[in-house]
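Structural overview for review
Here are the chains, one letter per residue:
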Protein chains: 2
Amino acid sequence: MDILKVTNDLSIKRSIDGGTEEQRQTVKEIIAAVRQEGDQAVIRYTQKFDGILLDDYQVKAAEIDQAYKELSKETISIIKEAAENIRNYHMKQLQNSWMTTEVDGTLLGQKITPLDSVGVYVPGGKAAYPSSVLMNVLPAKVAGVERIVMVSPVERKTGKIPAAVLVAANIAGVTDIYKVGGAQAVAALAYGTETITPVDKITGPGNIYVALAKREVYGEVDIDMIAGPSEIAILADDSAIPTEVAADLLSQAEHDEMACSILVTNSEQLANEVAIEVEEQLATLPKYDIASQSIQQFGRIYVTETIEESIAVINTIAPEHLEVLTVNPLSLLGAIRHAGAIFLGRYSPEPVGDYFAGPNHVLPTNGTARFSSPLNVDDFRKKSSIIYYSESRFTANAEKIASFARLEGLEAHARSIEKRLQSERKEGK
Amino acid sequence: MDILKVTNDLSIKRSIDGGTEEQRQTVKEIIAAVRQEGDQAVIRYTQKFDGILLDDYQVKAAEIDQAYKELSKETISIIKEAAENIRNYHMKQLQNSWMTTEVDGTLLGQKITPLDSVGVYVPGGKAAYPSSVLMNVLPAKVAGVERIVMVSPVERKTGKIPAAVLVAANIAGVTDIYKVGGAQAVAALAYGTETITPVDKITGPGNIYVALAKREVYGEVDIDMIAGPSEIAILADDSAIPTEVAADLLSQAEHDEMACSILVTNSEQLANEVAIEVEEQLATLPKYDIASQSIQQFGRIYVTETIEESIAVINTIAPEHLEVLTVNPLSLLGAIRHAGAIFLGRYSPEPVGDYFAGPNHVLPTNGTARFSSPLNVDDFRKKSSIIYYSESRFTANAEKIASFARLEGLEAHARSIEKRLQSERKEGK
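None of these values were measured; they are calculated from a predicted model. (Residues numbered from 1 in each chain as written. Chains lettered and ligands numbered in written order. Predicted model: local features only at pLDDT ≥ 70, side-chain atom pairs only at ≥ 80, totals over all residues. Heavy atoms only, no water.)

1. Some remarks on the interface of chain A and chain B
For clarity, the threshold we go by: Contacts were defined at the residue level, with two residues in contact if any of their heavy atoms lie within 4.5 Å. Buried area: the accessible surface (1.4 Å probe) lost by two parts on joining, summed over both. Salt-bridge detection follows one rule: a side-chain nitrogen of Lys or Arg within 4 Å of a carboxyl oxygen of Asp or Glu.
Between chain A and chain B, the contact holds 120 residues from the first and 120 residues from the second. Of the roughly 10,500 Å² buried between chain A and chain B, counting both surfaces, carbon and sulfur atoms make up 58%. Of all residues in chain A, Y347, I387 and R420 of chain A bury the most surface against chain B, accounting for 8% of the area lost on that side. Where chain A packs against chain B, one counts twelve salt bridges. Taking the shortest distance from any N to any O, the salt bridge between D200 of chain A and R370 of chain B comes out at 2.2 Å.

Structure representation (structure tokens):
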């Protein structure tokens, strides 16, 4: 792992796969077909792409019971405990609706309402990600969303959704689960079919076809962010333990060849020791190929003179995950401006938050923590402004408002105000 | 204005202009040129499209002083009072950062930080919209954004930004103002030039080139929503006054041929009277052409049996603006689920909120109030999760977390946890 000097270009931006023209065309065709033909198109594309002929594709209660039986009691209990932690954390994000009370009887306010329905996409593929189910479903549940639908492709080998995913969905409180994936599943969530009632928002990660389909239906429904490649930055001083720093960098690198792992430190000795340790630990990783490519392409160690300079580097990078491994990590919290999730101290390595502690693991990637937030309860609720003007407040301000409207050349706006004054006069009030 | 029966299709969706292939190509070229050449490209495109040769295009203090002189004292005072009301309302949206305190020393939290910088686009054209300046700038200001930049094209005739726009920007607390518009202004905000330092988020309305440019730079920076055509729905019973209802419908219709005005009522008599009154008032409007086209294409009156049915219609439409003109409007607030802004009672016609009351007038259009919110302070701040696990919490949960990581096939994640246990053993703790 190379040790670099801090330069002007600290950018970690990696290009997000925008798909080929052919892929975009395919996705458009699939969506159009599902809009027109409903279930028939969903079934046809699932047979074509996943090699599975679906009949009734809604998951039954018996299949969920079966999934529980396939998991050990310990595994179920860990998923339940994680779910409980995630629920508790997100409960603290709940905002109340509010109204002002003003002496003249005027009320101004903000009403907060959950979305009616949400669809969560859970990718298939080789591994099952029950943590992704919990992290997407529970904020919606806590937000008060009544109908939370999950879609996920089945494993080709077994014809089933993995047991851990089904159990996590059940624990999190998913309303309905459908055994479909790909662009056809996204289209079904957005426009509805005979089987699936359409939803208001679609969240969750997926392959390029899923990402393109989400972009395509955006506006018809809401979507979460299109996640880019993942990254970790570690801010450390000479109190950090090199073996632990190296292990944490590698835990990010095993995700994806495009993942990015960065150490920023004011300790040259730590930098040297971590560089060696990364190579050593890498050698014994099951995901050696992925992790070594990631480290080679996007692994970086920056050495600065002072810890303040290190913090400035972190704020420029705006990492998705930030670990602070310094002698007094909490004291630096105020100076950190841009990071998706901040893991403070030796006993908070990233996997603590990925699975268990409670905060969401769906985080702004690729430097977008400058302006984006972790997935949270507010993403599943929306605000409505409330205006209730009293007669006296209205009368005192009517001419000012009409005058502002005319300043912008909007005469009908002014007349809407003045009609009230005229009617009053007519009524002799 | 036609009186319609309630049917299954209450959709108010109007297509959003996605631009032609040629327009998209032009916008891509402009952005590429500004990225490469900076100010030189900004100046060249401004000369080409706006017919103005810029020299130094930052607005000077003297120009702002001059703008104040061009407005009447009354106008300045109305803009100031509106700004004060808007600021006060948005102050109530401020959320605090929080941390939990737990007996074992663990801290979990959510840190809320303003964006570093925001760019507000203010369209030129025939009319000046100082209200749009206030509504975009003040939430960012209240959020704590340090640098708020405004861009706006000059009037061809005068070579200036309209006085009311400059004064509103100054009152709202804009940091810097630049006399540029179009896709070149959006590109300059996103990527920066010699004159403009890049920003983290771009908000504000604009023509098709501005909208396409915002879509194009999205990801590099954040953007607000791409607004669709505007609409009002009025929920009324027989206590509503037909002349006022008609005036309010027309105040929406004068905005745009694509604007949509809908009355939903359980009173057939009101429906009939409003239909006649709309035609009468329409005849004398300065913007007759626009308003009559809007009413003809998108004006609707729905009559229902009961007020509950009327509310159900409203929730299906999810209007941008909702006026409630019933005998007891506040009692219906709980039943209204989807609306951008809710105007309650006779003394709260829409223009009260468009200009003056305090809530934002940038609202979710075209039915997107099902899942979107008015522009608000949260749009200019972002969250970071905080995780600080104590040693005892970590030790108690380490094996569970490692086990969850292995369930997902992520061995390096498990090792990042277990390294902490090993090091402790080595250190003999």
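Read on, since the account is not over.
2. Some thoughts on the relation of the copies chain A and chain B
We count it as follows: The copies were overlaid with a least-squares fit restricted to C-alpha atoms from residues scoring a pLDDT of at least 70 in each copy.
Of the transformation superimposing chain A on chain B, the axial component is 0.0 Å and the angular component is 180°, with the fit at an RMSD of 0.0 Å. Taken together, these values place the two copies in the relation of a two-fold axis. The rotation axis passes nearest to the C-alpha of Q95 of chain A in chain A, at a distance of 4.4 Å. Most of the interface of chain A is mirrored in chain B, where 100% of its interface residues again form contacts.

3. A look at unusual backbone geometry
Applied cut-off: To qualify as a helix, a DSSP run of H or I must reach at least 4 residues; to qualify as a strand, a run of E must reach at least 2; elements of each kind are numbered from the N terminus. Residue burial is assigned from relative accessible area. The probe radius is 1.4 Å, only protein chains are included, and a residue is buried under 20% of its type maximum, exposed over 50%, and partly exposed in between.
Its identity is not glycine, yet N366 of chain A carries a phi of approximately 65°, on the positive side. Tracing the sequence through the fold places N366 of chain A in the loop between α13 (350-355) and β14 (381-388). The residue A318 of chain B is not glycine, and still its phi comes out positive at about 50°. Take A318 of chain B: its relative accessible area is 0%, and that puts it in the buried class.

4. Topic: empty space enclosed by the protein
Residues and elements named next belong to chain A. To keep it simple, the criterion reads: Two kinds of site are reported from a 1 Å grid over the protein atoms alone, namely cavities, where a 1.4 Å probe fits but cannot get out, and pockets, open sets with protein on both sides within 12 Å along at least five of seven lines, and residues are called lining when an atom falls within 4 Å of a point. Grid points are joined across faces, edges and corners, and a volume is the space filled by probe spheres set on the points. The nonpolar class holds Ala, Val, Leu, Ile, Met, Phe, Trp, Tyr, Cys and Pro. Asp, Glu, Lys and Arg form the charged class, and all remaining residues, Gly among them, are polar.
For the coordinates displayed, the defined rule picks out three cavities of 30 Å³ or more. Its boundaries defined by the atoms lining it, the largest cavity holds a volume of some 40 Å³. Lining of the largest cavity is provided by V122, P123, G124, A127, A128, S152, P153, P162 and V165. Taken together, the residues that form the lining of the largest cavity break down as seven nonpolar, two polar and no charged.

5. Comments concerning the side chain of H338 of chain B
Stated formally: Whenever two N or O atoms come within 3.5 Å, that pair is a polar contact, provided that in protein one can donate a hydrogen and the other can accept it, and provided that, for residues adjacent in sequence, both atoms are side-chain atoms.
Structurally, H338 of chain B is set in the loop between β12 (321-325) and β13 (341-344). A polar side-chain atom of H338 of chain B sits 2.8 Å from a polar atom in the side chain of K382 of chain A. H338 of chain B has contacts with D116 and K382 of chain A together with I314, N315, A318, P319, A369 and R370 of chain B, leaving out every residue within four places of it along the chain.

6. Notes on the domain arrangement of chain A
All names here are of chain A. Which entries qualify depends on this criterion: What fixes the domain bounds is an automatic or database domain assignment.
Its domain assignment divides chain A into domain 1 (3-15 + 228-354), domain 2 (21-223) and domain 3 (389-427). A separation of 47 Å is found between the C-alpha centroids of domain 2 and domain 3. The interface of domain 2 with domain 3 comprises four residues on the first partner and four residues on the second. Interface area for domain 2 against domain 3, summed over the two sides, is near 370 Å², with a carbon-plus-sulfur share of 37%. Three residues stand out in domain 2 for area buried against domain 3, namely E102, D104 and T106, and they jointly supply 81% of the buried area on that side.

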